[in-house]
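Residue strings, one per chain:
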Amino acid sequence: MRAGRPIATLVLALGLAGAVSGCEAVQEAQNTANQVGQAADKAQLCIDALKLAGFTPDATDPQKALEETQQKAQELNDLAAKAGDTTLQDAITGVAGTMDQVTLDDLSPANIAAWSQEKLDHVAKLSSACA
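Since the model is a prediction, treat every value here as computed from it, not as a measurement. (Residues numbered from 1 in each chain as written. Predicted model: local features only at pLDDT ≥ 70, side-chain atom pairs only at ≥ 80, totals over all residues. Heavy atoms only, no water.)

Participant: Would you explain the overall build of the protein in this entry?
Facilitator: Helix and strand counts for the protein stand at four helices and zero strands. Overall, the protein shows an N-to-C arrangement of helices and strands of α-α-α-α. Scored against the burial criterion, the 131 residues of the protein give a buried share of 24%. Element-wise, carbon and sulfur atoms account for 58% of the exposed surface of the protein, whose accessible area totals about 8,500 Å². (Helix = DSSP H or I, 4+ residues; strand = E, 2+ residues; numbered from the N terminus. Buried < 20%, exposed > 50% of the residue type's maximum accessible area, 1.4 Å probe, protein only. Areas by Shrake-Rupley, 256 points an atom, 1.4 Å probe, with all protein chains shown as cover.)

Here it is, written out as structure tokens:
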């Protein structure tokens, strides 16, 4: 009987080692799934942000253009709050800031090209953060 005890102990130890290895494999799988989920969330966030950032105001109705641009800026700020990546968050808030601070003067025929270029510069940073 005494010879059976060491064998039983060895079998039990091997079983515990196998269970621990199994738990580690489950944890690794869960971590991988979380990373994939985070990448998918970032991709969707980028798609939504780039769509909003691509908004072009209709300069024929400056007041409406101003209101719509500022609304898009608020939507961008809401998206930025969801971003876990600080580079992405900064890029989104950069575009949002340009859009939120737009004035009727910025949307005038004389100034809209300069404002649009400033916005495009921020959109380029957003695209880079999403890459």
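Participant: Sorry, what's going on with the pattern of salt bridges here?
Facilitator: Opposite charge on two side chains lets them pair, provided their charged atoms get close. Under the defined criterion, the tally for this structure stands at two salt bridges. With a closest N to O distance of 3.4 Å, K42 and D85 form a salt bridge. Within this pair, whereas K42 is found in helix 1 (residues 4–53), its partner D85 is found in the loop between helix 2 (62–82) and helix 3 (86–100), the two being separated by 43 residues in sequence. According to the relative accessible area criterion, D85 is partly exposed, its value standing at 29%. The residue E68 makes a salt bridge to K64 at a minimum N-O spacing of 3.9 Å. Of this pair, E68 and K64 both sit in helix 2, four residues apart, which is roughly one turn of the helix. K64 gets classed as partly exposed once you look at its relative accessible area, which sits at 46%. (Salt bridge = Lys/Arg side-chain N within 4 Å of Asp/Glu carboxyl O.)

Participant: Got a minute to help me understand helix 2 in this structure?
Facilitator: The α-helix advances 3.6 residues per turn, and as a result positions three or four apart in sequence lie on the same side. Taking 1.5 Å as the rise per residue, helix 2 with 21 residues should run 30 Å; its terminal C-alpha atoms sit 31 Å apart, in good agreement. Every buried residue belonging to helix 2 is among A65, L66, T69, A73, L76, L79 and A80, and all of these are buried. Buried positions in helix 2, seen along its axis, are confined to an arc of 140° and lie on one side of it. In this structure, helix 2 carries A81 and K82 as exposed residues pointing more than 90 degrees from its buried face. (Expected span 1.5 Å × (residues − 1). Arc of directions from axis to C-beta.)

Participant: Sorry if this is basic, but what is going on with the side chain of T69 here?
Facilitator: Within the secondary structure layout, T69 lies in helix 2. Since its relative accessible area comes to 0%, T69 is described here as buried. In this structure T69 touches F55, P57, M99, V102 and W115, once residues within four positions along its chain are discounted. (Contact = heavy atoms within 4.5 Å.)

Participant: What is the right way to read the state of the cysteines from this model?
Facilitator: In protein structure, a disulfide is the covalent linkage between the sulfur atoms of two cysteines. Inspection of every chain in the model, using the stated rule, returns one disulfide. Each sulfur in the disulfide pair C46 and C130 lies 2.2 Å from the other. Its S-S torsion of about -100° marks the bond between C46 and C130 as left-handed, since a negative value means left-handed. Taken together, the residues C46 in helix 1 and C130 in helix 4 (residues 112–130) connect sequence positions 84 residues apart. Taking relative accessible area as the criterion, C46 reaches 5% and is therefore assigned buried. (Disulfide = S-S within 2.5 Å.)

Participant: What should I look at first to understand the packing of helix 3 against helix 4 in this one?
Facilitator: If you want to describe how two helices pack, look at the angle between their axes and the distance between the axes. Where helix 3 contacts helix 4, the axes come no closer than 8 Å and their chain directions differ by 165°. The angle between helix 3 and helix 4 falls in the class roughly antiparallel. Note that helix 3 runs across helix 4; the crossing there is left-handed. Between helix 3 and helix 4, the contacting residues are T87, L88, A91, I92, G94, V95, T98 and M99 on the first element and W115, E118, K119, H122, V123, K125, L126, A129 and C130 on the second. Across the contact of helix 3 with helix 4, the residue classes break down as 10 nonpolar, four polar and three charged. (Axes fitted to C-alpha atoms, helices over the stretch in contact; angles between N-to-C directions. Parallel < 35°, antiparallel > 145°, perpendicular 65-115°, else oblique. Left-handed = near helix turned anticlockwise from the far one by under 90°. Nonpolar A, V, L, I, M, F, W, Y, C, P; charged D, E, K, R; others polar.)

Honestly, that's just the spatial picture; any functional story needs more than this.
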